[in-house]
Amino acid sequence: MTDSDESPPLASTVGALVITFLIVTPAAGTLLAFNWTQAVLLGGFAGAVAVASAWLTARRGASGE
């Protein structure tokens, strides 16, 4: 992969995934009273959405230059 494919850096992609997962999973498990299986699934889905958002934002920003 080169920088010409306009994808976001791996560190920010993994960072978005991990941070979102670590925030959403405990919040869903404790504050929203989901069971922990549901909380982990919700955290994983939220992480995937965060990665997709970071990817789309990077593509949109690169195409505007």
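Above this text sits the structure in question.
Residues numbered from 1 in each chain as written. Predicted model: local features only at pLDDT ≥ 70, side-chain atom pairs only at ≥ 80, totals over all residues. Heavy atoms only, no water.

## Notes on the overall build of the chain
Reasoning step 1: Scanning the chain for helices and strands turns up two helices and zero strands.
Reasoning step 2: The proportion of buried residues among the 65 residues of the chain is 18%.
Reasoning step 3: Taking as baseline every contact in the chain between residues at least 6 positions apart, the subset at least 24 positions apart corresponds to 46%.
Reasoning step 4: Accessible area of the chain: about 4700 Å², with a carbon and sulfur share of 70%. (Helix = DSSP H or I, 4+ residues; strand = E, 2+ residues; numbered from the N terminus. Buried < 20%, exposed > 50% of the residue type's maximum accessible area, 1.4 Å probe, protein only. Contact = heavy atoms within 4.5 Å. Areas by Shrake-Rupley, 256 points an atom, 1.4 Å probe, with all protein chains shown as cover.)

## So, helix 1 (residues 10-31)
Reasoning step 1: The end-to-end C-alpha distance of helix 1 is 31 Å, a good match for the 32 Å that 22 residues give at a rise of 1.5 Å each.
Reasoning step 2: By the burial criterion, the buried members of helix 1 are Thr13, Ala16, Thr20, Thr25, Ala28 and Gly29. Buried residues along helix 1 cover an arc of 140° about the axis, so they all sit on one side. Turned more than 90 degrees from where helix 1 packs its buried face, Ala11, Ile19, Leu22, Ile23, Thr30 and Leu31 sit exposed.
Reasoning step 3: Considering only its buried residues, helix 1 is in contact with helix 2 (36-63). (Expected span 1.5 Å × (residues − 1). Arc of directions from axis to C-beta.)

## Some remarks on helix 2
Reasoning step 1: The terminal C-alpha atoms of helix 2, which comprises 28 residues, lie 40 Å apart, in line with the 40 Å expected from a rise of 1.5 Å per residue.
Reasoning step 2: Looking only at helix 2, the buried set comprises Ala39, Gly43, Ala46, Gly47 and Ala50.
Reasoning step 3: The backbone nitrogen of Thr37 lies 3.1 Å from a side-chain oxygen of the residue at the head of helix 2, namely Asn35. (Polar contact = N/O pair within 3.5 Å; in protein donor to acceptor, adjacent residues only side chain to side chain.)

## Some points on unusual backbone geometry
Reasoning step 1: For Ala33, which is not a glycine, the phi torsion comes out positive at approximately 60°.
Reasoning step 2: Relative to the elements of secondary structure, Ala33 occurs in the loop between helix 1 and helix 2.
Reasoning step 3: Given a relative accessible area of 67%, Ala33 falls into the exposed group.

## Section: a nonpolar patch on the surface
Reasoning step 1: A grouping of Leu31, Leu32, Phe34, Leu42, Phe45 and Val49 is seen on the molecular surface, where their side chains present a nonpolar patch of about 620 Å² in accessible area.
Reasoning step 2: If you tally residues by element for the nonpolar patch, the top one is helix 2, at three residues.
Reasoning step 3: Among the secondary structure elements, Leu32 is positioned in the loop between helix 1 and helix 2.
Reasoning step 4: The class for Leu32 is exposed, based on a relative accessible area of 55%. (Patch = residues over 30% accessible without salt bridge, like charges linked within 9 Å, V, L, I, M, F, W, Y side chains within 5 Å. Salt bridge = Lys/Arg side-chain N within 4 Å of Asp/Glu carboxyl O.)

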